[in-house]
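In case you want the letters, here they are:
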2 protein chains.
Amino acid sequence: MTIRFAAVGLSHPHIYNQIKALLDAGAELAWFWGAEPERIAEFGQRFPAVRQAREIDEILEDPGVDLVASAVVPAERAPLGIRAMLHGKDYSAAKPAFTTLEQVREARRVQAETGRIYAVHFGERFDNKATVHAGELARQGAIGQVIQTTGFGPHRLLGHIPRPEWVFDSHGYGGILNDLASHQIDQFLYFTGSASAEIVQSQVGNLHFRQFPLFEDFGDLNLRSEKATGYVRVDWLTPRGLDTWGDVRLFLLGTEGYIELRKNIDIAGRPGKDHLFMVDQQSARYIDCSGVDLPYGSQLVYDVLNRAETAQNQAQAFLASELSLIAQQQAVRLGATP
Amino acid sequence: MTIRFAAVGLSHPHIYNQIKALLDAGAELAWFWGAEPERIAEFGQRFPAVRQAREIDEILEDPGVDLVASAVVPAERAPLGIRAMLHGKDYSAAKPAFTTLEQVREARRVQAETGRIYAVHFGERFDNKATVHAGELARQGAIGQVIQTTGFGPHRLLGHIPRPEWVFDSHGYGGILNDLASHQIDQFLYFTGSASAEIVQSQVGNLHFRQFPLFEDFGDLNLRSEKATGYVRVDWLTPRGLDTWGDVRLFLLGTEGYIELRKNIDIAGRPGKDHLFMVDQQSARYIDCSGVDLPYGSQLVYDVLNRAETAQNQAQAFLASELSLIAQQQAVRLGATP
């Protein structure tokens, strides 16, 4: 027994991560809809057997569709998710899943009323084996209480994948903190088990790519909950000498040890990705996480079938999104470097 | 041609780093004075030929002494330095060199009036080969403009070296941010070339070692200057499984690349210390810094002889100390973990 789902909105290639998680879990991809001709063509090549909808309503009105997955342009993700829930469907949004706090409020309300799932696909956690394994270790108390997390989310701007126009205007995706730091805020809440948190400070700036005046290439923020504190730094400054799009790190500081994740690359070190380093009261050791299973897709299918909440804590998904937007709103704008 | 110096105050073993830098540069250690019998005995064993003063004044009144180096208890470092300068001598203080802002003001005033040197021995920079080499690379523009620094300064509390009573009371050393984060604040100013900066936020807490109620085992802070931002995290939580006292890191984010220093250890990786990793527009590479020369001692001797300022920028030394104290004063006190 499985579920049928649709891909609605292909504006960011993250849709393929969302699709992969569900297909790997045995779900059936029944429909797709896209706005951009080149994205539609690409999708058609990758999934020639999947039916293309002319209108989104064709999908929303198909009672055989259980879940809608979307990477439509960020500002349209929440309105689509709300419509999907009101049509009785569960929803998986690419991040950022929201571009305004009003959207979060409305989605929270409709989610509570309909009992549908509004999932936010935080790929730096769900699609990363080292992060999944760190979650398991932290849950087992391997490093005691997690009292601090520090995360770096650098990204490459040019040359990795073609980027549409709207990327170079912060308004399109709610700014760098909403877009990139949301991953790390999600991980702060998840690893520290915090059900609430405040933004202590946040900053954004265009410090290098001056040719895109509406773009933010750097941002950071601090979080604080009753249990822990967190620091998040994100940027679009990955240099060309790195063999991947970003040297994403996560440091978990516990009362009895610490964990470092080198998610995508171990610079000038071990090959591949999914590197976990742990130091506890016994030893310092390396754990290769390349063989770890990613449970997210199966859990989401289970949740859709059983009206459960195993893949992602619904309140945490909304809270991470809300905090990202608050951090962005409150951010001090950094001046130019001299 | 060289200088004669005295070791006045042996309360922290850092005095031996200060002495080593000067002896390696050819300076002559002429006198010592200490308060604690066990520290005096240890010093006598290490330097049996050095004359012990019964009173500090014996040293201050010896016209043959050019410089006084001190690791007296932190609260007495500035008063001693001020006396030394008023006696026409240069001064090297262990960090923290101050425990109150009033001390910084007074030392600044007397330093300006006398033209003497008030050096603060920031060992995480002066005694660390990877940090010295990173300074050289940054100065050459190897990673463009340094727009952000993140530093971790974890330390082991128990079992590494015996620690005197006053360590377990924050008042004795001005708190964890003044004591440990001052290193990293110094490095922020140095690597970003910032002549002024503000503390954006700071936090301290006793999150683990509840048996020492006056102790702070965690702290962090954010800095901002016109040129860059910085984040500093320090703690006393190094787990027993680590082969050294602390996995000290420094991350320099530049507009054209980044550098990571693993100063003391490369966990589950390369042996030894002094590890530098650099990613620029060409490649990602490892640089073993174990063969790098430490110029600090020779520069300080040169400065004493030539009334120069090559070892340490005097204004930066005061500013780093002042910012550390401000961060400590303003710090939000974190609650207990649940």
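Residues numbered from 1 in each chain as written. Chains lettered and ligands numbered in written order. Predicted model: local features only at pLDDT ≥ 70, side-chain atom pairs only at ≥ 80, totals over all residues. Heavy atoms only, no water.

**Describing helix α1 (residues 14-24) of chain A**
At step 1: Looking at α1 of chain A, one finds that the buried residues are I15, Y16, Q18, I19, A21 and L22 of chain A.
At step 2: One or two residues past the end of α1 of chain A sits G26 of chain A, with phi positive at roughly 90 degrees. (Buried < 20%, exposed > 50% of the residue type's maximum accessible area, 1.4 Å probe, protein only. Helix = DSSP H or I, 4+ residues; strand = E, 2+ residues; numbered from the N terminus.)

**Details of the relation of the copies chain A and chain B**
Both copies of the chain are tied together by a single rotation about an axis and a shift running along it.
At step 1: Note on the identical chains: chain A maps onto chain B by a rotation of 180 degrees and an axial translation of 0.0 Å, with an RMSD of 0.0 Å. Each copy turns onto its partner about a two-fold axis. For chain A, the residue whose C-alpha comes nearest the rotation axis is Q201 of chain A, separated from it by 3.6 Å. (Least-squares fit on C-alpha atoms with pLDDT ≥ 70 in both.)

**Some thoughts on the pairing of strand β7 (residues 146-154) of chain A**
Residue and element names in this part refer to chain A.
At step 1: Burial runs high along β7: nine of the nine residues are buried.
At step 2: In the sheet, β7 pairs with strand β11 (residues 249-254) via six bridges, with the strands oriented antiparallel. In the sheet register, G151 faces β11, and the bridge partner there is L250.
At step 3: Strand direction decides the pairing type here: β7 and strand β10 (residues 229-235), joined by seven bridges, are parallel. Bridge assignment links P154 to a residue of β10, and that residue is D235. (Pairing = 2+ DSSP bridges.)

**With respect to helix α8 (residues 176-192) of chain B**
All names here are of chain B.
At step 1: The end-to-end C-alpha distance of α8, which contains 17 residues, comes to 23 Å, matching closely the 24 Å that a straight helix rising 1.5 Å per residue would cover.
At step 2: By the criterion of burial, α8 is predominantly enclosed, with 16 of the 17 residues buried.
At step 3: Positive backbone phi, at 65 degrees, marks G193, one or two positions downstream of α8. (Expected span 1.5 Å × (residues − 1).)

**Focus on the environment of S290 of chain B**
Residues and elements named next belong to chain B.
At step 1: As for its position among the elements, S290 is in the loop between β14 (284-288) and α9 (296-306).
At step 2: Remark: the alpha-carbon pair of S290 and K273, spanning 17 residues in sequence, is separated by 7.2 Å.
At step 3: Residue contacts for S290: discarding those within four places in its chain leaves K129 and D274. (Contact = heavy atoms within 4.5 Å.)

**Quick word on the packing of aromatic side chains**
At step 1: On inspection of all chains with the given rule, the structure shows 34 aromatic pairs over all chains.
At step 2: On the basis of an interplanar angle of 15 degrees and a centroid distance of 6.4 Å, the ring pair of Y16 of chain A and F47 of chain A is categorised as stacked. Linking Y16 of chain A in helix α1 with F47 of chain A in the loop between α2 (37-46) and β3 (51-52), this pair joins segments that are 31 residues apart in sequence.
At step 3: On the accessibility criterion, F47 of chain A (19% relative accessible area) is buried.
At step 4: When the ring of F43 of chain B is compared with that of F47 of chain B, the centres are 5.1 Å apart and the planes differ by 40 degrees; the resulting orientation is tilted. (Phe/Tyr/Trp six-rings, centres within 6.5 Å; stacked < 30°, edge-to-face > 60°.)

**Digging into the packing of helix α5 (residues 101-114) of chain B against helix α10 (residues 314-330) of chain B**
Helix packing geometry: the angle between the two helix axes and the distance between the axes.
Residue and element names in this part refer to chain B.
At step 1: Where α5 meets α10, the axes come as close as 9 Å, and the angle between the chain directions of the two elements is 165 degrees. It follows that α5 is roughly antiparallel to α10 by the angle criterion. The handedness of the crossing between α5 and α10 is left-handed. Residues L101, V104, A107, R108 and Q111 of α5 pack against Q314, F318, L319, E322, L325, I326 and Q329 of α10.
At step 2: In terms of residue class, the contact of α5 with α10 is built from seven nonpolar, three polar and two charged. (Axes fitted to C-alpha atoms, helices over the stretch in contact; angles between N-to-C directions. Parallel < 35°, antiparallel > 145°, perpendicular 65-115°, else oblique. Left-handed = near helix turned anticlockwise from the far one by under 90°. Nonpolar A, V, L, I, M, F, W, Y, C, P; charged D, E, K, R; others polar.)

**A look at the sheet that holds strand β3 (residues 51-52) of chain B**
All names here are of chain B.
At step 1: In spatial order, the strands read β3-β2-β1-β4-β5-β6; together these six strands make up an open sheet with parallel pairing. The open sheet is flanked by β3 and β6 (118-121), the only strands paired with a single partner.
At step 2: In this structure, strand β2 (residues 28-33) lies alongside β3, joined through two bridges in parallel fashion. Looking at β3, one finds that W31 is bridged to R51.
At step 3: Along the sheet, helix α4 (residues 77-86) contacts β1 (4-8), β4 (67-70), β5 (90-94) and β6; its crossing angle with β5, the most-contacted strand, is approximately 170 degrees.

**Quick look at the pattern of salt bridges**
At step 1: A full pass over the atoms with the stated rule returns 46 salt bridges over all chains.
At step 2: A salt bridge links R105 of chain A to E102 of chain A; the shortest N-O distance between them is 3.0 Å. On the criterion of helical spacing, the pair formed by R105 of chain A and E102 of chain A is a turn pair, its members being three residues apart in helix α5 (residues 101-114).
At step 3: Given the relative accessible area of 46%, E102 of chain A is considered partly exposed.
At step 4: E42 of chain B serves as the salt-bridge partner of R46 of chain B, at 3.8 Å between the closest nitrogen and oxygen. (Salt bridge = Lys/Arg side-chain N within 4 Å of Asp/Glu carboxyl O.)

**Thoughts on the domain arrangement of chain A**
Residues and elements named next belong to chain A.
At step 1: Looking at the assigned domains, one finds that chain A contains domain 1 (4-121) and domain 2 (125-294 + 326-335).
At step 2: The gap between the C-alpha centroids of domain 1 and domain 2 is 25 Å.
At step 3: At the junction of the two partners, domain 1 supplies 15 residues and domain 2 supplies 17 residues.
At step 4: Taken over both partners, the interface formed by domain 1 and domain 2 buries close to 1100 Å², and the fraction arising from carbon and sulfur atoms is 57%.
At step 5: Applying the counting rule to domain 1 against domain 2 returns one salt bridge.
At step 6: The tally of links from domain 1 across to domain 2 stands at three residue pairs in polar contact (both at pLDDT 80 or more).
At step 7: Residues belonging to the side of domain 1 that touches domain 2 are distributed by class as follows: eight nonpolar, five polar and two charged. (Domains from an automatic or database assignment. Buried area = accessible area lost by both parts, 1.4 Å probe. Polar contact = N/O pair within 3.5 Å; in protein donor to acceptor, adjacent residues only side chain to side chain.)

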